[in-house]
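Fold and geometry: a report
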Amino acid sequence: MTSLPITLTINGHRHELEVDPRVTLLDLLRERLDLTGTKKGCDRGQCGACTVLVDGKRINSCLALAVSHDGANVLTIEGVARGEELHPVQAAFIAHDGFQCGFCTPGQIMSTLGLISEGQAGDDPERIREGLSGNICRCAAYGGIVEAVLEAQEQLAKSDRRTAA
Amino acid sequence: MRDFDYIRPATIPDAIAAAAEPGSAYLAGGTNLLDLMKGGITSPERIVDISRLPELNRIERLEDGGLRIGALVRNADLAHDAAFAKAYPMVAEALLSGASAQLRNAATVGGNLLQRTRCSYFYDTASACNKRVSGAGCAALGGENRLHAVLGWSDACIATHPSDFCVPLVALDAVVEIEGKQGRRHVTLAEFHLLPGETPQRENALEPGDLIVAVRLPAEAASFAANARYLKIRERTSYAFAVVSAAAALVVDGGKIRAARLALGGVAAKPWRARAAEAVLLGADANEATFAGAADAALADASPSGDNAFKIELARRIVVRALTSAQAGTPERLPALPASPFSSIPGARHDA
């Protein structure tokens, strides 16, 4: 099969690419675009390390063919901070030790961004745990992750109120 | 992954024509298909990407009071549709008890019906599997089979259907709307999935090229909204397939059961509608003795296909629990752990 032309907007930058139809969004990000922040864990949709936002929704990029997402808007961990200023979710993960080895962390943070925008969990730790159950942490930093999500939500709500005022 | 041709048709007739060619597979959310392709379990020569076909991503209320759910509606979008969750709470609960948030954002209604079994021998291309290679034998028989079927299995295949979503759907008389070369037709979900018999490779009523375009719920399905639950036993708290599950829905008036629906998941090659149990429930007093009688009726034909006799008793108990929960009333808000029998107090830890 010959390569197919696609266009993707990744972290605000438009990319015109030729891709083999077998290439997953994950492999495209890592191998072609050097965006290696998105991690390949299981490559089978079971661990969540490859989580990115596609058109604002969190998905497993390992189970997405790049060609099928032609035209999509993709946000990866590299596009979350504003220059040197960390996103509140990133800052909260550091403040609460929401990781140990860090391999699952980009996926955890992208999944948290999805969770917060979905607005289903609120400040209920049990709902946060359930909402992030698609992200496995082998270091078992789950306690810190839940604390980080709670604080990040609070910070974001405060800055929303400031913006609204 | 084997090389394939990639086609993205613009219309349903174009999609059907392309997919009718041998070696073709439809791609929608891709959450199951890509996994199968990576493992070499399926190797389509042609991928027909239907993810952008127009008009298949709508939820429509029908004039007769029924509901039509487009085949490309994402699992998460359906479960979080407020009107849908209010009218069919056990379907929303089942959806949210399945997979992870990431997968639910991608997986579609049509794809959920067509997902393949998670039998580990089906996934292991070095093992014999009649479903994967017709006539090859079944390594699960006599293998590691504690999670396999206890109803409707055959010596050719003891795999289960993994869907949560399909369990309350079959209880509510859902109908699958299919478009094919001969036009559009309706097949009840109860008849859509096939038991293995001697041909476990044939899993459903679809012919080559056939496309699921929608799933319909009849008007009556919404009449159970006040007393409906889906409960699911898993081997870990979340993000796991059902060991056994049950969808139970009741209409109770003056202590008597006026209408009842019951279906089981994780027990057979299809979502298992328990009609004999419904007959026991209908007109009876809504109490634990009745529910136990219904559970016995639901599992009357069950037999272990291996090291899984425990699932029969477990299924009886989840039936009683689901009926008891349904009678108690649909919760105002979905529990923190959807479908978990271990979660009762909102906000409390399941393991406290």
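Before reading further, recall that the structure is shown in the block above.
Residues numbered from 1 in each chain as written. Chains lettered and ligands numbered in written order. Predicted model: local features only at pLDDT ≥ 70, side-chain atom pairs only at ≥ 80, totals over all residues. Heavy atoms only, no water.

Section: the sheet that holds strand 8 (residues 211-217) of chain B
Residues and elements named next belong to chain B. Quick reminder of the rule: By this definition, two strands are paired if DSSP reports at least two bridges between them. Each helix corresponds to a stretch of at least 4 residues labelled H or I by DSSP, and each strand to a stretch of at least 2 residues labelled E; elements are numbered beginning at the N terminus. Axis lines are fitted to C-alpha atoms, over the contacting stretch for helices. Their N-to-C directions set the angle, which ranges from 0 to 180 degrees.
What the five strands build is an open sheet, ordered 4-5-8-6-7; its pairing is antiparallel. One side of each edge strand has no neighbouring strand; the edge strands of this open sheet are strand 4 (59-61) and strand 7 (183-188). On average, each strand axis in the sheet is tilted by 25° relative to the strand beside it, whichever way the strands run.

What about the sheet that holds strand 1 (residues 5-7) of chain B?
Backbone hydrogen bonds are what pair the strands of a sheet, in a parallel or an antiparallel way. All names here are of chain B. The condition that has to hold: Whether two residues are in contact is decided by their heavy atoms, any of which lying within 4.5 Å being enough.
Strands sit in the order 1-3-2 across an open sheet of three strands; the sheet is parallel. Every interior strand has two partners, whereas the edge strands, strand 1 and strand 2 (24-27), have only one. Between one strand axis and the next, the sheet turns by 25° as a mean value, whatever way the strands run. Where strand 2 and strand 3 (residues 46-49) come together, four bridges link them in parallel fashion. The residue bridging L27 from the neighbouring strand is D49, located in strand 3. Against the sheet, helix 1 (residues 12-19) engages strand 1, strand 2 and strand 3, with an angle of about 145° to strand 2.

Observations regarding the packing of helix 2 (residues 88-95) of chain A against helix 3 (residues 105-118) of chain A
Residue and element names in this part refer to chain A. For clarity, the cut-off: If an angle is under 35 degrees, it is roughly parallel; if it is over 145, roughly antiparallel; if it lies from 65 to 115, roughly perpendicular; otherwise it is oblique. By convention, the crossing between two helices is left-handed when the near helix turns anticlockwise from the far helix through less than a right angle, and right-handed when the turn is clockwise. Classification convention: Asp, Glu, Lys, Arg as charged; Ala, Val, Leu, Ile, Met, Phe, Trp, Tyr, Cys, Pro as nonpolar; all other residues, Gly among them, as polar.
For the pair helix 2 and helix 3, interaxial distance at closest approach is 10 Å and the crossing angle is 125°. One way to sum up the angle between helix 2 and helix 3 is to call them oblique. As for how helix 2 packs across helix 3, the hand of that crossing is right-handed. Touching V89, Q90 and F93 of helix 2 are T105, Q108, I109, T112, L113 and I116, all from helix 3. In the contact of helix 2 with helix 3, the residues fall into five nonpolar, four polar and no charged.

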